Amino acid sequence: MYLDKLNWAILEELQENARASFSEIGRKVGLTSPAVAERVKKMEDSGVIGSYKVNISHQKAGYQLRAVITLRAFTGRLKAFLETVNSFKEVINCYRITGNENIIMEVILHDQEHLEKLIDRLITYGETRTHIVLSNVVEDAPVKQRIDHNKP
């Protein structure tokens, strides 16, 4: 699907507030509410808009630690890990990556004891490296319109 400037303006508004009404978005981007609704529907149908989510504060929900853990899977253990990782309730993001490690995960934990128990479970799949998150520098940054550097 081609995303023109109006589609990008709508996407920017939705990324800022996914609960904004079509009329509110229309006022900001210069379209009628039905026109915004039609464009949003087309972007949903084409997969440009995948879902709408709630952003929950991990700390206020009782998770005092956040960490990034890399995993270098033991020979023959990567497939088993990939089949199991969804059952780890602590894992909020998991990526298969290139390089020395196979996996990078973002996890949320109640405390250090919880972290230790998670690592004990993970080390059956491979070698781990843990980094405690101190603060957010950039989080859930909006996707912006791509700049084509080849156009004059």
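Residues numbered from 1 in each chain as written. Predicted model: local features only at pLDDT ≥ 70, side-chain atom pairs only at ≥ 80, totals over all residues. Heavy atoms only, no water.

Quick look at unusual backbone geometry
And then number 1: With a phi angle near 50°, aspartate 140 is a residue other than glycine that sits in the positive phi range.
And then number 2: Relative to the assigned elements, aspartate 140 resides in the segment after strand S4 (126-132). (Helix = DSSP H or I, 4+ residues; strand = E, 2+ residues; numbered from the N terminus.)

Here we look at the sheet that holds strand S1 (residues 65-73)
And then number 1: If you walk across this open sheet you meet the 4 strands as S2-S3-S1-S4, and the pairing is antiparallel. Each edge of the open sheet is held by one strand with a lone partner, namely strand S2 (91-96) and S4. Neighbouring strand axes in the sheet, compared pairwise and without regard to direction, differ in orientation by 20° on average.
And then number 2: The pairing of S1 with strand S3 (residues 103-109) spans 7 bridges and is classified as antiparallel. The residue bridging valine 68 from the neighbouring strand is glutamate 106, located in S3. (Pairing = 2+ DSSP bridges. Axes fitted to C-alpha atoms, helices over the stretch in contact; angles between N-to-C directions.)

Some remarks on the pattern of salt bridges
And then number 1: A complete count under the given rule lists 9 salt bridges for this structure.
And then number 2: Close ionic contact of glutamate 38 with lysine 42 constitutes a salt bridge, the shortest N to O distance being 3.3 Å. Here lysine 42 and glutamate 38 lie together in helix H3 (residues 33-46), a separation of 4 residues that amounts to about one turn.
And then number 3: Judged by relative accessible area, which is 48%, glutamate 38 ranks as partly exposed.
And then number 4: Judged by relative accessible area, lysine 42 falls into the partly exposed class, the value being 46%.
And then number 5: Of the charged contacts in the structure, one is a salt bridge between glutamate 106 and arginine 66, with a shortest N-O distance of 2.8 Å. Highlighted residues: glutamate 106 in strand S3 and arginine 66 in strand S1, separated in sequence by 40 residues. (Salt bridge = Lys/Arg side-chain N within 4 Å of Asp/Glu carboxyl O. Buried < 20%, exposed > 50% of the residue type's maximum accessible area, 1.4 Å probe, protein only.)

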